[in-house]
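Architecture and fold: a report
In case you want the letters, here they are:
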Amino acid sequence: MTPNAATPAGSDAELQLGEGGNLRHLLTLKGMTRKAMIDLLDAAESFLSPPGDPPQRSNILAGRTVGNLFFEASTRTRASFDLAGRRLGADVLNLDVNTSSRKKGESILDTIYTLEAMAVDFMVVRDAGAGIPAYIARHVKKHVSVLNAGEADVSHPTQGLLDVMTIRHHKPDFANLVVAIVGDIRHSRVARSAAQALRTLEVGELRLVSPPGMAAEDADLEFARRVDKLDDGLRDADVVMALRIQRERIQDIEGIVDIDNYTRDFGVTRERMKLAKPDAIVMHPGPMNRGIEIEGSLADGEQSVITEQVTNGVAIRMAVLAHIARSHGAW
Ligand code: CP
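The model shown is predicted, which means the values in this text are computed figures rather than measured ones.

What follows is about the overall build of the protein. Assigned secondary structure in the protein consists of twelve helices and nine strands. Over its C-alpha atoms the protein spans a radius of gyration of 19 Å, differing by no more than 12% from the 20 Å that the globule rule assigns to 331 residues. Principal-axis analysis of the C-alpha atoms gives the protein an extent of 55 × 45 × 40 Å. Expressed as a percentage of the 331 residues in the protein, the buried residues total 55%. Put simply, of all contacts in the protein between residues at least 6 apart along the chain, 75% involve residues at least 24 apart. Summed over all atoms, the accessible surface of the protein reaches about 14,000 Å², with 49% contributed by carbon and sulfur. Taken together, the 39 basic and 45 acidic charged side chains of the protein have centroids lying 3 Å from each other.

Here it is in structure tokens:
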């Protein structure tokens, strides 16, 4: 992977590259080249098994240790990094944050140095604080790689990759796609990373559909179309991604949205999906609040690719771990 013109000095995009421009950490999808992204997507395909077959395994990470450090709740990301590490032959350490010494006031860096001293090679980090994965990446020893598993409302790069992998399975012609991401865009790291990946793959049109109080004002998202009416967002869309309201990041929900009428105004239902293309797919990163941002029967229906997103998540995390293990020559 080589830095491109969109990789400013000192940025996370620059920091994540090791010697020779190879990926050493995965902190962000910003600045990742189209070729690098497609290489990761192609590699992930090789880690998928035909339905009913046992999962793919290899020993690429034999002798290595993956540490899952989740300082925020997770089911999918944590479980899939755990399985990805094991299926590549690594030892996997899942730090239980509720019983870890951070609860006694230990600093994040002391936690990291402690795990480094136990020869943890990959630190998979989820944290509610913006900038934490990059902060850790600046302090770790040369053999350690940091993988961002969800950073505040900023970034969730492996989620962005698994989302475009899933879209590519059903709709490979990105240039002619209309993708609608619906819901709480402002507080969503999923929306930001999906948007970055879709931009890199030169999606035809990205619509960010939300109430005005949940719209994102990021300069990076200027390329996308902001839509504040669900019907306008869904009309003739090829891909519809519903998002959960990120209540854990919102102080005063009533101050930004009409919560009593949220489902009526922004809930994605089978009826509303009739506005989208007949073969449109429905996505959700999970966890879902059924009956709020998405109708349960739509999530379970023929258009839904939600469980496929989960399956692809393991393959993407295997591809990222394997790629870094091969390209980062510090061991
Ligand atoms: N999509 C996602 O990040 O899910 P989890 O919070 O369960 O990891």
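Should their charged atoms come close, side chains of opposite charge can pair. Applying the stated criterion across every chain, the model contains 24 salt bridges. Across the pair Asp 218 and Arg 192 runs a salt bridge whose closest N-O atoms are separated by 2.5 Å. Of this pair, Asp 218 sits in the loop between β6 (205-209) and β7 (225-227) while Arg 192 sits in helix α7 (residues 189-200), and the two are 26 residues apart along the sequence. The class for Arg 192 is buried, based on a relative accessible area of 10%. Across the pair Glu 205 and Arg 225 runs a salt bridge, and its minimum N-O distance is 2.9 Å. Here the residue Glu 205 occupies a position in strand β6, and Arg 225 occupies one in strand β7, the gap between them amounting to 20 residues. Several salt bridges share partner residues, and in doing so they unite Glu 72, Arg 189, Arg 244, Glu 248 and Arg 249 into one network.

Quick look at the domain arrangement of the protein now. Considered domain by domain, the protein is made up of domain 1 (12-152 + 311-327) and domain 2 (157-300). With centres defined by C-alpha atoms, the gap from domain 1 to domain 2 works out at 26 Å. Each partner contributes residues to the interface: domain 1 has 32 residues there, and domain 2 has 23 residues. Area buried by domain 1 at its contact with domain 2 is led by Leu 29, Arg 34 and Leu 41, which between them contribute 26% of it.

One can find Pro 54 in the loop between α2 (34-45) and β1 (65-70). Between the C-alpha atom of Pro 54 and that of Ala 117, which follows or precedes it by 63 residues, the distance is 35 Å.

With that settled, the discussion passes to the side chain of Lys 171. By secondary structure assignment, the location of Lys 171 is in the loop between α6 (157-170) and β5 (178-182). At a separation of 2.9 Å, a polar atom in the side chain of Lys 171 contacts the main-chain carbonyl oxygen of Asp 279. Apart from residues no more than four positions distant in its own chain, Lys 171 is found in contact with Leu 177, Asp 238, Val 239, Asp 279, Ala 280 and Ile 281.

Parameters at a glance
Residue indices begin from 1 for each chain and proceed along its sequence in written order. Whole-chain, interface and lining totals are the exception, using all residues; otherwise, since this is a predicted model, local features are given only for residues with pLDDT of at least 70 and side-chain atom pairs are given and counted only at 80 or more. The side-chain values count all of the structure's non-hydrogen atoms but skip hydrogen atoms and water molecules. Numbering of helices and strands runs from the N terminus; a helix is a DSSP stretch of H or I covering at least four residues, while a strand is a stretch of E covering at least two. Two things to know: the radius of gyration comes from C-alpha atoms, and the globule rule equals 2.2 Å times the number of residues to the power 0.38. For every residue, the accessible area obtained with a 1.4 Å probe (protein chains only) is divided by the maximum for its type, and the residue is called buried under 20%, exposed over 50%, and partly exposed between those limits. Any pair of residues with heavy atoms lying within 4.5 Å of one another is described as a contacting pair. Surface exposure here means Shrake-Rupley accessible area, sampled with a 1.4 Å probe, where a residue is shielded only by the protein chains that are shown. Think of it this way: Lys and Arg go in the positive column, Asp and Glu in the negative one, and His and the chain ends go nowhere. The atom standing in for a charge is NZ when the residue is Lys, CZ when it is Arg, CG when it is Asp and CD when it is Glu. Salt bridges are identified by distance alone: a Lys or Arg side-chain nitrogen within 4 Å of an Asp or Glu carboxyl oxygen. The domain limits used here are those given by an automatic or database domain assignment. Throughout, the accessible surface (probe 1.4 Å) given up by two parts as they are put together, summed over both, is called the buried area. Polar contact is defined as a pair of N or O atoms within 3.5 Å, subject to the rule that within protein one atom must be able to donate a hydrogen and the other to accept it, and that residues adjacent in sequence are counted only when both atoms are side-chain atoms.

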